[in-house]
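The residues making up each chain are set out below.
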Amino acid sequence: MMIEFIDTHCHLDGKEFDADREEVMQRAREAGCKAIFLPAIDLPSSERIINLCQQHPDFLYPMVGLHPEEVRADWQEQLAAIHSLLTSHLTPHTSQLSPLISIGEVGLDFYWSREFEQEQLLVFEEQVKWSIETRLPLMIHCRKAQNEMVAILKRYARELPGGVFHCFTGNEKEAAELLQFDNFVLGIGGVSTFKKSHLPEVLPAVVPLDRIVLETDAPYMAPVPHRGQRNEPAFVIHVLQRLAEAYGVTPDEIAHRTNATVGRIFRR
């Protein structure tokens, strides 16, 4: 029997997939992927993702949000337009529209630049409020900004519905700090398969299996043995197998537990 899994983070709307998007989805199904979650990064991608998910119901699931690296001088206009899109997909008379599953991809990123640091903080906090208002979980991107991110989340800790800390690559202390937030889990992808990754030791030490979901972040960060290639949802199986080795359980157990966690966080 085929192992079934979910890719909780894939930029399938990106131009990298324009030439063979249908084939990528077919390979995903053949590998055992039963659903793909699509995070947005700005208004155009939010619109693209919703349209794409409408064409593939019960397989592709949309998010809307403003990514920290896309926060620029026009952030207020972008945020207002994305919020309008969000609310239009939550009203009763729009039942034919794709149901949104998350506010994402949102967060903080001070890796390349702090030019819009204050704006990023404002944008992230505003989208945290959207999550609370809509009860949609957050898909959070954080790079070189965990202290600032945690400080914002702590203000709303009792009200947050939950979410995913996407692309976790940190140490035991950082994992424990993130898991203090109830109903939040860690998104684990291709980095866990890299030779120099410490995740196979860190995760079993401090992260229960029911606090993990699987992801690709495709087209980025393909796992071994595809490292350096374009990533795609079919490759999740390599992450799943590596986690099974790390936790000392079967791949079936990883799939079962992570799928159950997806159901709990995203209520589907």
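What counts and how
Residues numbered from 1 in each chain as written. Predicted model: local features only at pLDDT ≥ 70, side-chain atom pairs only at ≥ 80, totals over all residues. Heavy atoms only, no water. Axes fitted to C-alpha atoms, helices over the stretch in contact; angles between N-to-C directions. Helix = DSSP H or I, 4+ residues; strand = E, 2+ residues; numbered from the N terminus. Parallel < 35°, antiparallel > 145°, perpendicular 65-115°, else oblique. Left-handed = near helix turned anticlockwise from the far one by under 90°. Contact = heavy atoms within 4.5 Å. Nonpolar A, V, L, I, M, F, W, Y, C, P; charged D, E, K, R; others polar. Pairing = 2+ DSSP bridges. Right-handed = clockwise from strand over helix to strand, strands pointing away. Core = buried A, V, L, I, M, F, W, Y, C linked by side-chain atoms within 4.5 Å. Buried < 20%, exposed > 50% of the residue type's maximum accessible area, 1.4 Å probe, protein only. Expected span 1.5 Å × (residues − 1). Arc of directions from axis to C-beta.

Colleague: Before we move on, could you go through the packing of helix α7 (residues 199–206) against helix α8 (residues 236–247) and cite the residues and values that matter?
Modeller: The geometry of α7 relative to α8 is characterised by a closest axis approach of 9 Å and an angle of 60° between their N-to-C directions. Viewed along their axes, α7 and α8 adopt a mutual orientation that is oblique. The two elements α7 and α8 cross, and the hand of that crossing is right-handed. Of α8, the residues touching α7 (which contributes Pro200, Leu203 and Pro204) are Arg242, Leu243, Ala246 and Tyr247. Residue composition of the contact of α7 with α8, grouped by class: six nonpolar, no polar and one charged.

Colleague: Explain the pairing of strand β5 (residues 138–143) residue by residue, including any values.
Modeller: The pairing of strand β4 (residues 102–109) with β5 spans six bridges and is classified as parallel. Opposite Val106, over in β5, you have Ile140 as the bridge partner. Of the crossover connections in this fold, the one passing from β4 over helix α4 (residues 117–134) to the parallel β5 is right-handed. As defined by bridge partners, β5 adjoins strand β6 (residues 163–165) across three bridges and the pair is classed as parallel. Bridging across to β6, Ile140 finds its partner in Phe165. With helix α5 (residues 146–155) bridging β5 and the parallel β6, this β-α-β connection has right-handed handedness.

Colleague: Hey, could you go over the nonpolar core for me, with residue numbers and the actual values?
Modeller: With 75 residues, the main nonpolar core has Leu153, Leu186 and Leu203 as its most contacted residues. Looking at which element gives the most residues to this core, the answer is α8, with seven residues. Leaving out residues up to four positions away in the same chain, Leu153 has contacts with Phe124, Val128, Leu138, Ile140, Leu160, Phe165 and Phe181. Among the nonpolar cores identified, the runner-up in size contains 13 residues, and Met63, Ile101, Ile265 and Phe266 belong to it.

Colleague: Lay out the sheet that holds strand β7 (residues 184–188) in plain terms, naming residues and giving numbers.
Modeller: In space, the eight strands of this open sheet follow the order β1-β2-β3-β4-β5-β6-β7-β8, with parallel pairing throughout. Strands with a single pairing partner mark the edges of an open sheet, and in this sheet they are β1 (5–7) and β8 (212–214). The average undirected angle you get between the axes of adjacent strands in this sheet is 30°. Examined bridge by bridge, strand β2 (residues 33–38) and strand β3 (residues 60–64) share three bridges and lie parallel to one another. Counted as the bridge partner of Leu38 is Pro62 from β3. Seen against the sheet, helix α2 (residues 43–55) touches β2 and β3 and runs at an angle of roughly 160° to β3.

Colleague: Account for helix α3 (residues 75–88), with residues named and values stated.
Modeller: Taking 1.5 Å as the rise per residue, α3 with 14 residues should run 20 Å; its terminal C-alpha atoms sit 20 Å apart, in good agreement. Trp75, Gln78, Leu79, Ile82, Leu85 and Leu86 are the residues of α3 that are buried. Taken around the axis of α3, the buried residues stretch over an arc of 125°, which confines them to a single face. In this structure, α3 carries Gln76 and Glu77 as exposed residues pointing more than 90 degrees from its buried face.

Colleague: Describe unusual backbone geometry, naming the residues involved and giving the relevant values.
Modeller: A cis amide bond, omega 15°, links Ala218 with the succeeding residue Pro219. Residue position: Pro219 is located in the loop between β8 and α8. The linkage connecting Val224 with the following residue, Pro225, adopts the cis geometry, with an omega of 15°. Structurally, Pro225 is set in the loop between β8 and α8. With a phi angle near 65°, Asp217 is a residue other than glycine that sits in the positive phi range. Mapped onto the fold, Asp217 is located in the loop between β8 and α8. For Asp217, a relative accessible area of 9% translates into the label buried. Phi at Met221 is positive, roughly 50°, even though this residue is not glycine.

Colleague: Can you explain helix α1 (residues 21–31)? Please cite residues and give values.
Modeller: Taken together, the buried positions of α1 are occupied by Arg21, Val24, Met25 and Ala28. End-on, the buried residues of α1 take up no more than an arc of 95°, which puts them together on one face. Along its buried surface, α1 packs onto β2, α2 and β3. After α1 finishes, the residue Gly32 shows a positive phi value of roughly 115°.

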